[in-house]
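So the chains spell out like this:
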Amino acid sequence: MSQVNEIDMTQLPRHIAIIMDGNGRWAQEKGENRLFGHYQGVESVRDIVEGCAELGVGYLTLYAFSTENWSRPETEVQGLMELLAQTIRQEVPTLNKNNIKLKLIGNIEKLPGYARDGLLEAVDLTEDNDGLTLIIALSYSSRWELVHAVKEIARDVKLGKILPDQINEETLRHYLATSSVPDPELMIRTSGEYRISNFLLFQLAYAELYFTDIRWPDFRKQHLFEAILNFQQRQRRFGKTGEQIRRESATDTH
Ligand code: FPP
């Protein structure tokens, strides 16, 4: 029996976030340059997006380029920008055919013009779709996002739109790049590193974390299904006791 049949479709994570790591190592292990790994990584992106759409996952966030990635060698940064812009532009018909809506989070202003324009156009062309929302984190870091949100809140306080005493968790959430998106319930990181790397620090507060040694270019639907099955075996307690959770779910089913 294929693993997909073991997944409980009523308990799917509503939002999956992925740190796609290991492209460079994958390529170097094959005696190729790092960009070759990023190109192969696109195949994994296609497979995982398709897998999420087929299952009916609501939101998928992919960490494609961090604020810190700007300090990589110029050739790698430029190669990645071209790859991202070209891939997204090419994929628009497929996104539309599969009812997938594209969303970008991050400091998009920093991207070179050709990449920014192509990506924003793809967002526009898919905005009416209401199936899977595919969120690409680009020039993104959580600390950047939080600083940006705090600046916006300070501006609105100054304009008298909100009072400092009214600021709560929901206010902050509203000013984040992910304001219209539920928090990820499952976060996957590939390639054997056990870090969050400045990714969705506020939003991942209660996410289940799943780490695998598989390098991103080798990551396929079957690995996604394994991660979801593992997620479904966990008891999510949100600070409560196991006993409380068991009692609540017994009441829910009656
Ligand atoms: C991390 O591997 C990967 C990235 C920084 C880039 C990810 C980008 C893609 C897969 C391109 C396509 C993406 C989309 C959304 C179309 P790494 O370079 O840090 O690997 P290493 O840790 O082995 O050096």
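Our structure is the block above this text.
I will try to describe carefully the structure that is included in this document. Values in this document were obtained by computation on a predicted structure and should not be read as measured data. (Residues numbered from 1 in each chain as written. Predicted model: local features only at pLDDT ≥ 70, side-chain atom pairs only at ≥ 80, totals over all residues. Heavy atoms only, no water.)

1. What to know about the overall build of the protein chain
Along the protein chain, the regular secondary structure elements total 8 helices and 6 strands. Radius of gyration (C-alpha) of the protein chain: 19 Å, near the 18 Å computed for a compact globule of 254 residues. Seen along its three principal axes, the alpha-carbon backbone of the protein chain occupies a region of about 60 × 55 × 35 Å. Here the protein chain holds 254 residues, and the buried ones make up 46% of them. Across the protein chain, the fraction of contacts at a sequence separation of at least 24, relative to all contacts at a separation of at least 6, is 76%. Summed over its atoms, the accessible surface of the protein chain is roughly 13500 Å², and 49% of this surface lies on carbon and sulfur atoms. Across the protein chain, 29 positive and 37 negative side-chain charges occur, with their mean positions spaced 4 Å apart. (Helix = DSSP H or I, 4+ residues; strand = E, 2+ residues; numbered from the N terminus. Rg over C-alpha atoms; globule rule 2.2 N^0.38 Å. Buried < 20%, exposed > 50% of the residue type's maximum accessible area, 1.4 Å probe, protein only. Contact = heavy atoms within 4.5 Å. Areas by Shrake-Rupley, 256 points an atom, 1.4 Å probe, with all protein chains shown as cover. Lys, Arg positive; Asp, Glu negative; His and termini not counted. Charge placed at Lys NZ, Arg CZ, Asp CG, Glu CD.)

2. Quick word on the packing of aromatic side chains
Taken as a whole and assessed by the stated rule, the structure comprises 7 aromatic pairs. Note on Y63 and F199: the rings are 4.4 Å apart at their centroids and 10 degrees apart in plane angle, and the pair reads as stacked. Taken together, the residues span a long stretch of sequence, with Y63 in strand β2 (residues 59-66) and F199 in the loop between β5 (186-189) and β6 (208-211) at a distance of 136 residues. Ring centres of Y194 and F211 lie 5.1 Å apart, and the angle between their planes is 50 degrees; on these two criteria the pair is classed as tilted. Of this pair, Y194 sits in the loop between β5 and β6 while F211 sits in strand β6, placing them 17 residues apart in sequence. A residue is classified by how much of its surface remains accessible, and F211, at 26% relative accessible area, is partly exposed. (Phe/Tyr/Trp six-rings, centres within 6.5 Å; stacked < 30°, edge-to-face > 60°.)

3. Here we look at the site of the ligand
Taken together, the neighbourhood of the ligand is formed by 20 residues, with M20, D21, R25, R34 and R72 sitting nearest. Between an oxygen atom of the ligand and a main-chain N or O atom of N23, the distance comes to 3.2 Å. Within the contact set of the ligand, an oxygen atom lies 2.8 Å away from a side-chain nitrogen or oxygen of R72. Relative to its unbound accessible surface of 630 Å², the ligand loses 93% to contact with the protein. (Near = heavy atom within 4 Å. Polar contact = N/O pair within 3.5 Å; in protein donor to acceptor, adjacent residues only side chain to side chain.)

4. A look at the pairing of β5
Residues of β5 alternate between two faces, with L186 and I188 on one and M187 and R189 on the opposite face, all of them buried. Pairing analysis gives 4 bridges linking β5 to β6, with the strands arranged parallel. Each bridged residue has a counterpart across the sheet, and for R189 the counterpart in β6 is F211. (Pairing = 2+ DSSP bridges.)

5. Things to note about helix α2 (residues 34-55)
When the terminal C-alpha atoms of α2 are compared, their 32 Å separation across 22 residues agrees well with the 32 Å that a helix rising 1.5 Å per residue should span. Among all positions in α2, only G37, H38, G41, V42, S44, D47, I48, V49, G51, C52 and L55 are buried. Elements in contact with the buried residues of α2: β1 (15-19), α1 (23-29), β2, α3 (74-97), β4 (133-140) and α7 (221-232). The first or second residue beyond α2 is G56, which carries a positive phi of 100 degrees. (Expected span 1.5 Å × (residues − 1).)

6. Description of the sheet that holds β1
Across the sheet, 6 strands lie side by side as β3-β4-β2-β1-β5-β6; this open sheet has parallel pairing. Looking at the sheet topology across the chains shown, the edges are occupied by β3 (101-105) and β6. The average angle at which neighbouring strand axes cross in this sheet is 20 degrees, direction not considered. Strands in contact with α2 are β1, β2 and β4; relative to β2, the strand with the most contacts, it is inclined by about 160 degrees. (Axes fitted to C-alpha atoms, helices over the stretch in contact; angles between N-to-C directions.)

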